[in-house]
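Analysis of the macromolecular model
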Amino acid sequence: MSATLEVEGLATHFITRAGTVRAVDGVSFHVSRGEVLGLVGESGSGKSVLARMLARIVAPTSGELILGGDVVNLSARRGLDYVSQVQLVLQDPFASVNPVRLIRHALERPLAIHGTAKDDLDEQARAVLESVALSPAAEYLDRYPHELSGGQRQRIALARALACAPDVLVADEAVSALDVSVQAQILDLLREVQRQLGLGLLFITHDLSLVRSIADRVLVMYLGSIVESATAMDL
C-alpha cells in the first residue's frame, strides 16, 4: 500500500506562563490508503492535538505533512484541496454540529463548498446518509441534532466527513462518548465504510480493546512522542 498521508517530524509547542509545553514533539508516521492505523495513549499524551494538526486546525511548530506525495505548504492557509482529502471526526457529535441548524444544512453546506451543484445537493445529502445506514434519509434531513440519539448524531458527523470524498479519515475518540452497544455499531460502520471506499483511517483512542478490534497497525503515544509501533496483533 502506498502512503496517502505522511508525517515527518511534526511538532507543536505551546508557550505558557510555566514554560514551553511540548504537546507534540517530533512525530513521524504514515497512513496508507486502505489501512486502519490505531493511535493510543493516555489522556494528555498529545493525541487530540496531533489530530487537529493533521486536519490543519492547529498550526505545527515544525515538521512536514506530505499528502499523496506532495509536501503541504504549512505556512499557507488551509485550502479546499487538503480539506477534501483529510477529514476529522470528533469525539462529541453534539458539539461538532450546529444545534440550531437542520441536519440538511450540516450535509449540504460542505457539499456546496466543495462544488456540488445546487440542484444536486438534496440527492447527494440523501446518498451520504444512506451510506452511514440512516435510512430512509428523508426522515433525518429536516430534523435537528437534539432530536437524534448519540449514535445517530455520530453517524451524521461521519456522513458529513464522507461528503467530501476524503482519502484519509481521522477519528479522534469517535466512539468514546457512546454506550457500549452503540460503540460496536459505529466501529462496524467505520470499518465497513473504510473498506468500501479504501480510505486510510487514523483511529485515535485510549482504549486498547477498541483499537485491537479495528486497527491493522498501532502507534503508542506518550508525552507528545511516538514510543512504540507494532501490528495490532503483536501489541
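Scope of this entry: the structure provided in the associated data block. Position numbers for residues start from 1 in each chain and track the written sequence from start to end. For this predicted model, a pLDDT threshold of at least 70 governs which residues receive local features, and a threshold of 80 or more governs which side-chain atom pairs are given and counted, while totals over whole chains, interfaces and linings are taken from all residues. Hydrogens and water molecules were not included; the side-chain quantities draw on all heavy atoms of the structure.

**What to know about helix H3 (residues 103-113)**
- A simple rule labels every residue: compare its accessible area, found with a 1.4 Å probe on the protein chains alone, to the largest value its type can have, and call it buried under 20%, exposed over 50%, or partly exposed in between. Runs of E in the DSSP output that reach at least two residues are strands. Runs of H or I that reach at least four are helices, and both are numbered from the N terminus. For H3, the full list of buried residues reads Ile103, Arg104, Ala106, Leu107, Glu108, Pro110 and Leu111.
- Taken from the residues just after H3, Gly115 is the one with a positive phi, measuring 105 degrees.

**Quick notes on the pairing of strand S6 (residues 86-89)**
- The alternating pattern of S6 places Val86 and Leu88 on one face and Gln87 and Val89 on the opposite face, and all of these are buried.
- Between any two strands, pairing holds if DSSP finds at least two bridges. Summarising the sheet, S6 and strand S7 (residues 168-172) pair through four bridges and their orientation is parallel. Within S7, the position partnered with Leu88 by the bridge is Val170.

**Digging into the sheet that holds S6**
- Read from one edge of the open sheet, six strands run S6-S7-S8-S3-S9-S10, paired in mixed fashion. Each edge of the sheet is formed by a strand with only one pairing partner; in this case those strands are S6 and strand S10 (225-231). Here the average twist between neighbouring strands, direction ignored, is 20 degrees.
- Working rule for contacts: check all heavy atoms of both residues, and any pair within 4.5 Å makes them a contact. The angle between two axes is taken between their N-to-C directions and runs from 0 to 180 degrees, where each axis is a line fitted to C-alpha atoms and a helix contributes only its stretch in contact. Contacting strand S3 (36-40), S6, S7, strand S8 (200-205) and strand S9 (217-222), helix H1 (residues 47-54) runs over the sheet at an angle of about 150 degrees to S7.
- Docked against the sheet, helix H6 (residues 150-162) engages S6 and S7, running at close to 170 degrees with respect to S6.

**A short note on the packing of aromatic side chains**
- Aromatic contacts are taken between Phe, Tyr and Trp rings whose centres are within 6.5 Å, Trp giving its six-membered ring; a plane angle under 30 degrees counts as stacked, one over 60 as edge-to-face, and the others as tilted. Going through the model one piece at a time under the given rule, you end up with zero aromatic pairs.
- Any Lys NZ or Arg CZ that is within 6 Å of a ring centre and within 35 degrees of that ring's normal is treated as a charge sitting over the ring. Cation over ring: Arg56 sits above Tyr82, and NZ or CZ is 5.9 Å from the ring centre.

**Side note on a nonpolar patch on the surface**
- Two distance rules govern patches: like charges are joined within 9 Å, and nonpolar side chains (Val, Leu, Ile, Met, Phe, Trp, Tyr) within 5 Å, applied only to residues with over 30% relative accessible area and no salt bridge. The Shrake-Rupley method, run with a 1.4 Å probe sphere, supplies the accessible areas, and residue values consider only the shown protein chains as cover. By definition, a salt bridge exists where a carboxyl oxygen of Asp or Glu is found within 4 Å of a side-chain nitrogen of Lys or Arg. Taken together, the side chains of Tyr222, Leu223 and Val227 present a nonpolar region at the surface, about 310 Å² in accessible area.
- Summarising the element assignment, Val227 is placed in strand S10.

**Some details on the side chain of Arg191**
- Within the secondary structure, Arg191 sits in helix H7 (residues 180-197).
- A relative accessible area of 16% means that Arg191 is categorised as buried.
- Here a polar contact means two N or O atoms within 3.5 Å. Within protein one must be a hydrogen donor candidate and the other an acceptor candidate, and residues neighboring in sequence count only if both atoms are side-chain atoms. Reaching out from Arg191, the side chain makes a polar contact with the side chain of Asp216 at a distance of 3.2 Å.
- Those residues in contact with Arg191 that sit more than four places away from it in its chain are Val36, Ile214 and Asp216.

**Some words on the pattern of salt bridges**
- With the rule as written, the count across this model stands at nine salt bridges.
- The partner of Asp167 in a salt bridge is Arg33, and the shortest N-O contact between them spans 2.8 Å. With Asp167 in the loop between H6 and S7 and Arg33 in the loop between strand S2 (19-32) and S3, this residue pair connects regions lying 134 residues apart in the sequence.
- With relative accessibility at 22%, the residue Asp167 sits in the partly exposed group.
- Taking relative accessible area as the criterion, Arg33 reaches 36% and is therefore assigned partly exposed.
- Among the salt bridges present, the one from Glu108 reaches Arg104, with a minimum N-O distance of 3.1 Å. Taken as a pair, Glu108 and Arg104 lie in helix H3 at a separation of four residues, close to a single helical turn. For the pair formed by Glu108 and Arg104, the shared burial category is buried.
- Salt bridges sharing partners connect three or more residues here, namely Arg104, Glu108, Asp122, Arg126 and Asp142.

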